[in-house]
Amino acid sequence: MRAHEIYIHIPFCVKKCGYCDFLSFPAGRDVQRDYVDALLRQIREYRERSGRRIPVSTVFFGGGTPTVPEAAWTGEILEALREIFAVEPDAEISMESNPGTLTKEKLAAYRSYGVNRLSIGCQSMDDGELERLGRIHTRADFLDSFRMAREAGFDNINIDLMSALPGQTLESWERGLRQVCSLKPEHISAYSLIIEEETPFFDRYAEQEKLRGSGCDLTVDGGELSESDRLPDEETERRMYRRTEEILAASGYVRYEISNYAKIGRECRHNLGYWTLVPYLGFGLGASSYLEKSPDGSRFVRYRTTADLKKYLAGDFVPRDMEQLTLKDRQSEFMILGLRLMQGVSLQEFTEKFGVPMREVYEPAIRKYTAQGLLEICDGRLRLTGDGVSVSNVVMADFLQDSE
Ligand code: SF4
């Protein structure tokens, strides 16, 4: 049987950041323990339902902040996963973390349970920017966490960074990138801030975001916004985006996905699997699963667990929003996720997977964007060009087919 990936959602955070729309919140120790108990029940129930010992190639603890609960509980979760699934001996076991929640003892414990990849949510190397984001940590806390992680033996570390932050300048972004490069992490994720609805940032910045690019004066209640409250203008944001690849490339990081950079061989295996449609099982609050439902791999389903904490703690693990994926859905996902990767999508793999050549399904979009220089075909793969990457959302939208 094909190896699967496992995602474990830990929704707890010390406090909610101003821009965050993830399923995450603070909670006391008792609730956290009840949650881990429910998670263990959900994992065991899955085995009873499926009756199979599925091979697993990656495990990813995401959140929230998986390093908020006691470290020993991560050990219990991994023990249950190894009992129920055939977790491969060289499986990538990743854990998201935030500075301010890591200690020497916790890091040593994660290592002893087999966690072999750590992702640290640094976000910015500027204390003012961190404060405006509502982060719980400073630059010094991040540096401490990174040092402790290395001392604990983590030799595969990702650092998350965010650009286009309120008050951020091109100089502070470049300085932060260089400082992070000097630490030599194996992987860097660099995302732009997105102002999401129903967050405090939406109330504060949505209007400004609409005005950016329109040439209007940015004012609030008739008064000019202070520098530190301004989002960078669109031109600065574009320059940050361009400089990211240049600065990271100069330090030996290869961009392998729109927002992800790694030293050779240090790409995140879990995310690569996600972008190439490897089946995954999600456990925990609101977690999604994507599974093959027929031996020939022609039927796929997607569903999710309840996002209601009360129901989840009461043992409601019933799959929700069950979607049978049509051939068109799968072709669209193959293209849209695959084009996020700099290597693009293989024409031959498309034919093997779907029994029809890619060009037969997508000829108009391929012709249009190759003519515009936004896509190219190289070594049997269709991929975004440098110009295509900066307008990837527009290009990808044309690979979405209406469901049958
Ligand atoms: S630490 Fe991450 S998950 Fe938690 S509130 Fe902040 S952005 Fe959201």
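One can find the structure itself at the top, above this paragraph.
First, a word on what this report is: a plain description of the structure on this page. (Residues numbered from 1 in each chain as written. Predicted model: local features only at pLDDT ≥ 70, side-chain atom pairs only at ≥ 80, totals over all residues. Heavy atoms only, no water.)

## Here we look at the site of the ligand
What counts here: We call a residue near a molecule or strand as soon as one heavy atom of that residue lies within 4 Å of the molecule or strand. Residues were grouped as follows: Ala, Val, Leu, Ile, Met, Phe, Trp, Tyr, Cys and Pro as nonpolar; Asp, Glu, Lys and Arg as charged; and all remaining residues, including Gly, as polar.
Close contacts around the ligand come from C13, K15, K16, C17, Y19, C20, F22, S24, G64, T65, N98 and R135, and that covers them all. When grouped by side-chain class, the residues that make up the shell around the ligand number five nonpolar, four polar and three charged.

## Quick word on the environment of G344
Formally: Put simply, DSSP H or I for four residues or longer makes a helix, DSSP E for two residues or longer makes a strand, and each gets a number counted from the N terminus. Under the scheme applied here, a residue whose accessible area is under 20% of the maximum for its type counts as buried, over 50% as exposed, and between as partly exposed, the area being computed with a 1.4 Å probe on protein chains only. The contact definition used throughout considers only heavy atoms, calling two residues in contact when any of these lie within 4.5 Å.
Within the secondary structure, G344 sits in the loop between α11 (327-338) and β15 (345-346). When its relative accessible area of 3% is taken as the criterion, G344 is described as buried. When the C-alpha positions of G344 and L384 are compared, they lie 6.9 Å apart, and in sequence the two are 40 residues distant. Here G344 is in contact with G338, R381, L382 and R383, once residues within four sequence places are set aside.

## Side note on empty space enclosed by the protein
Inclusion rule: Throughout, the protein atoms alone are placed on a 1 Å grid, and a set of points is a cavity if a 1.4 Å probe fits but cannot get out or a pocket if it is open with protein on both sides within 12 Å along at least five of seven lines; lining residues have an atom within 4 Å of a point. Grid points are joined across faces, edges and corners, and a volume is the space filled by probe spheres set on the points.
A full pass over the atoms with the stated rule returns one cavity of 30 Å³ or more. Estimated volume of the largest cavity: approximately 90 Å³. Only α1 (29-50), β11 (280-283) and β13 (300-304) provide two or more residues apiece to the lining of the largest cavity. Broken down by element, the residue count for the lining of the largest cavity peaks at four residues, all from α1. Residues of the lining of the largest cavity, tallied by class, amount to seven nonpolar, four polar and three charged.

## Looking at the packing of helix α12 (residues 347-354) against helix α13 (residues 358-371)
Helix-helix packing: each pair is described by the crossing angle between the helix axes and the interaxial distance. What counts here: Here the axes come from fitting lines to C-alpha atoms, over the contacting stretch only for helices, and the angles between their N-to-C directions go from 0 to 180 degrees. To sort the angles, those under 35 degrees are grouped as roughly parallel, those over 145 as roughly antiparallel, those from 65 to 115 as roughly perpendicular, and the leftovers as oblique.
Running from N to C, α12 and α13 point in directions that differ by 125°, and their axes come no closer than 10 Å. By the criterion of interaxial angle, the relationship of α12 to α13 is oblique. Contacts between α12 and α13 involve L347, F350 and T351 on the former and, on the latter, M358, R359, V361 and Y362. Looking at the contact of α12 with α13, its residues break down into five nonpolar, one polar and one charged.

## Section: the packing of aromatic side chains
Here is the rule we go by: Aromatic pairing here means that ring centres of Phe, Tyr or Trp (its six-membered ring) are within 6.5 Å. Orientation follows from the plane angle: under 30 degrees is stacked, over 60 is edge-to-face, and everything else is tilted. A ring is scored as having a charge over it whenever the NZ atom of a lysine or the CZ atom of an arginine sits within 6 Å of its centre and within 35 degrees of its normal.
Taken as a whole and assessed by the stated rule, the structure comprises 20 aromatic pairs. Taking 6.0 Å as the distance between ring centres and 80° as the angle between the ring planes, the aromatic pair formed by Y46 and F283 counts as edge-to-face. With Y46 in helix α1 and F283 in strand β11, this pair connects stretches of sequence that are 237 residues apart. Taking relative accessible area as the criterion, Y46 reaches 6% and is therefore assigned buried. Among the aromatic side chains, those forming a connected cluster through ring pairs are F12, F25, Y35, Y312 and F317. The ring of F154 carries the charged tip of R111 above its face, separated from the ring centre by 5.1 Å.

These values are about where atoms sit, not about what they do.
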